[in-house]
Amino acid sequence: MKHHQYALTPPMGWNSWDCYGATVTEEEVKGNADYMAQHLKDYGWEYIVVDIQWSESGAVSSAYRPFVPLEMDEYSRLIPAANRFPSSANGNGFKQLSEYVHNLGLKFGIHIMRGIPRQAVHQNTKILGTDVRAREIAKPNSICPWNTDMYGIDHTKEGAQAYYNSLFDLYAEWGVDFVKVDDIADSKLYGIHAEEIKMIRKAIDQCGRPMVLSLSPGPAPLNHASLLEENANMWRMTDDFWDLWPLLYDMFDRCYRWSKNIGPGYWPDADMLPLGHIGIRSVDGGASDRYTRFTEDEQVTMMTLWSIFKSPLMFGGELRDNDEWTLSLVTNEEVLEAHRDGYGARQVKREDDTVVWASCGDEHTLYIALFNLTDETKTVGVTFDQLEMEENKVEVRDLWAKKSLGKLSDKIEVEVSSHGAKFFKLTDACIRYCQKSTKFNL
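The model shown is predicted, which means the values in this text are computed figures rather than measured ones. (Residues numbered from 1 in each chain as written. Predicted model: local features only at pLDDT ≥ 70, side-chain atom pairs only at ≥ 80, totals over all residues. Heavy atoms only, no water.)

1. Here's the deal with the pairing of strand 7 (residues 178-182)
Next, step 1: Of all five residues in strand 7, five are buried, a share of seventy percent or more.
Next, step 2: Two strands pair when backbone bridges link them, and strand 3 (residues 107-113) and strand 7 are joined in this way by five bridges, in the parallel orientation. Its bridge partner lying in strand 7, I110 is registered against V179.
Next, step 3: Where strand 7 and strand 8 (residues 212-215) come together, four bridges link them in parallel fashion. Along strand 8, the bridge assignment pairs V179 with L213.
Next, step 4: Each parallel crossover has a hand, and the one from strand 7 via helix 7 (residues 194-207) to strand 8 is right-handed. (Buried < 20%, exposed > 50% of the residue type's maximum accessible area, 1.4 Å probe, protein only. Helix = DSSP H or I, 4+ residues; strand = E, 2+ residues; numbered from the N terminus. Pairing = 2+ DSSP bridges. Right-handed = clockwise from strand over helix to strand, strands pointing away.)

As structure tokens, then:
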């Protein structure tokens, strides 16, 4: 499918939500873009994404204000609030901010809610290119349970597709490369919004600009995997993920269930990485301004799981406040190589909350992740037979430590800290599983 070409490897970037909630400003976006260009771009990080409520001039934290006025053009399309994004004044939208990001060698993304603004419906404003007005395409009984901005769109109505087309034509003019659409992959009221997903796919395809399509929130229903693959590049497997151990523990089961539905251009999404300085103007996640509550072991576990599973990587913290530890987590070339190049990821075994995952580098290279989800230090191991490897001496390298451990011949077994992980690369191996698995055609 053509849109799969837009994200042949899992997207990597920064999203403003975890640190700034609904309130991020143009200067904060530029500052994080500058940091990414200087410190992260060479490692594959490339997207700068402005999250929700960029059209709301008076947004405060991540607490949504119900029924507030939003900035909107004459054709029922939300536009950036100029007091927060000064370059958007005089109808410029995100064009100048996007150009700033592009000039750094990066890509620009935005968050939107599905549907049409309620204020457009109440004012019955115009739809570009048609004689239809907002009230005629709206579905007023299709609402988001946690945000009052939008009504859903009735796909059966004349003008419905034209409205979505006009939105993505505008985003193409702005130079948008990535769109995160919310209240669509799952809804606490209605489940998945399949018809609006299809309309958005058509709108992107007709606009003439490649855009990665990300669907939120989760959990997206596994029984709709084919629909998601046919229309999107990534979709959330979970509700908002925060820096709480029970949520990370739960992610292992979610990754296990989705591990057969991964391929070049379509990626189940474990959500953002709540690393570094988060909660600056966000009250979500159960605490305000803080550095991540995950321990260092838990941070390694999260990065290891996201990497071997091949989830998109979206950093949630204020990048400019990164310490050396946080920076080291997201610039480890060997871990990021496993994330980029690995294929055939699978859970090999789970016993008493010790977990082993594996993915292939090629027919002679295997990535192995050993996890200890218990509250005490454990020995975690796996035999070459369980890995479907022939029992020959293979070279073992510790990816986080960036050092070789010599050759092993029948198993790999190490001590792993509570809530911790180890990540290894095995080379010079004969791996029956990898010989049978389909390598991504990248």
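2. Points about the nonpolar core
Next, step 1: In terms of nonpolar packing, the biggest core is built from 127 residues, with F168 and W357 touching the most fellow members.
Next, step 2: At nine residues, helix 6 (residues 160-174) tops the list of elements feeding residues into this core.
Next, step 3: Once residues within four sequence positions are removed from consideration, F168 is found in contact with I112, V179, I200, A203, I204, C207 and M211.
Next, step 4: Judged by nonpolar contacts, the second largest core, of 23 residues, contains V356, C360, V396 and I431. (Core = buried A, V, L, I, M, F, W, Y, C linked by side-chain atoms within 4.5 Å. Contact = heavy atoms within 4.5 Å.)

3. Re the pattern of salt bridges
Between side chains of opposite charge, a pair can form when the charged atoms approach closely.
Next, step 1: Taken as a whole and assessed by the stated rule, the structure comprises 31 salt bridges.
Next, step 2: Between D271 and R236 there is a salt bridge; the shortest N-O distance is 3.4 Å. You can see D271 sitting in the loop between strand 10 (267-269) and strand 11 (277-278) and its partner R236 sitting in strand 9 (residues 234-236), a full 35 residues away along the chain.
Next, step 3: We classify D271 as buried; its relative accessible area is 5%.
Next, step 4: A network of salt bridges, in which partner residues are shared, links R114, D183 and E196. (Salt bridge = Lys/Arg side-chain N within 4 Å of Asp/Glu carboxyl O.)

4. Considerations on the state of the cysteines
Next, step 1: Taken as a whole and judged by the stated rule, the model has one disulfide.
Next, step 2: Disulfide pairing is shown between C360 and C434; the S-S distance is 2.1 Å. Judged by the sign of its S-S torsion, about -95°, the bond between C360 and C434 is left-handed. Within this pair, whereas C360 is found in strand 15 (residues 354-362), its partner C434 is found in helix 13 (residues 432-436), the two being separated by 74 residues in sequence.
Next, step 3: Residue classification places C360 among the buried positions, given a relative accessible area of 0%.
Next, step 4: Not part of a disulfide, C255 finds its nearest cysteine sulfur in C360, a span of 17 Å.
Next, step 5: Classification of C255 by relative accessible area gives buried; the value is 1%. (Disulfide = S-S within 2.5 Å.)

5. Some words on the environment of G175
Next, step 1: Mapping G175 onto the fold places it in the loop between helix 6 and strand 7.
Next, step 2: With 163 residues separating them along the chain, G175 and A338 place their C-alpha atoms 31 Å apart.
Next, step 3: Sequence-distant contacts of G175, defined by excluding residues within four places in its chain, comprise S98, H102, F108 and R209.

6. Section: the sheet that holds strand 19 (residues 403-408)
Hydrogen bonds along the backbone pair up the strands of a sheet, which may run parallel or antiparallel.
Next, step 1: Strand order in the open sheet made by the six strands is 14-15-16-21-18-19, with antiparallel pairing throughout. Edge strands, defined here as strands with exactly one partner in the open sheet, are strand 14 (343-351) and strand 19. The mean angle between the axes of side-by-side strands here comes to 25°, regardless of whether they run parallel or antiparallel.
Next, step 2: Inspection of the sheet shows strand 18 (residues 394-398) paired to strand 19 by five bridges, in the antiparallel sense. If you follow R397 over to strand 19, its bridge partner there is S404.
Next, step 3: Where helix 10 (residues 296-309) meets the sheet, it contacts strand 14, strand 15, strand 16 (365-372) and strand 21 (421-427), and its direction lies at approximately 145° from that of strand 16. (Axes fitted to C-alpha atoms, helices over the stretch in contact; angles between N-to-C directions.)

7. Quick notes on helix 6
Next, step 1: Between the first and last C-alpha of helix 6 there are 22 Å, a value that for 15 residues agrees with the 21 Å anticipated at 1.5 Å per step.
Next, step 2: Most of helix 6 sits out of view: 11 of its 15 residues are buried.
Next, step 3: Buried residues of helix 6: A160, Y163, Y164, N165, S166, L167, F168, L170, Y171, A172 and W174, and no others.
Next, step 4: The positive-phi residue at the C-terminal boundary of helix 6 is G175, with phi of around 85°. (Expected span 1.5 Å × (residues − 1).)

8. Brief notes about the packing of aromatic side chains
Next, step 1: Going through the model one piece at a time under the given rule, you end up with 18 aromatic pairs.
Next, step 2: Aromatic side chains Y171 and W174 sit 5.5 Å apart centroid to centroid with 40° between the ring planes, which places their arrangement in the tilted category. Residue Y171 and its partner W174 are both found in helix 6; the two are separated by three residues, about one turn of the helix. When sorted by exposure, Y171 lands in the same class as W174, which is buried.
Next, step 3: Each residue in the set W54, F85, F94, F108, F168, Y171 and W174 is aromatic and connected to the rest through ring pairs, giving one cluster.
Next, step 4: A cation sits over an aromatic face here: K30 above Y100, 4.9 Å from the ring centre.
Next, step 5: A cation over a ring is seen here: R350 above Y249, with NZ or CZ 5.2 Å from the ring centre. (Phe/Tyr/Trp six-rings, centres within 6.5 Å; stacked < 30°, edge-to-face > 60°. Lys NZ or Arg CZ within 6 Å of the ring centre and 35° of its normal.)

9. Quick word on helix 9 (residues 245-258)
Next, step 1: For helix 9, with 14 residues, the first-to-last C-alpha span of 20 Å sits near the 20 Å given by 1.5 Å per residue.
Next, step 2: Within helix 9, the full set of buried residues consists of W245, L248, M251, F252, R254, C255 and W258.

10. Some remarks on the sheet that holds strand 6 (residues 150-153)
Next, step 1: What the three strands build is an open sheet, ordered 4-6-5; its pairing is antiparallel. The open sheet has two free edges, formed respectively by strand 4 (116-117) and strand 5 (138-143), since each of these has just one partner strand.
Next, step 2: Relative to strand 6, strand 4 runs antiparallel, the two sharing two bridges. Note that in strand 6 the partner of P117 across the bridge is M150.

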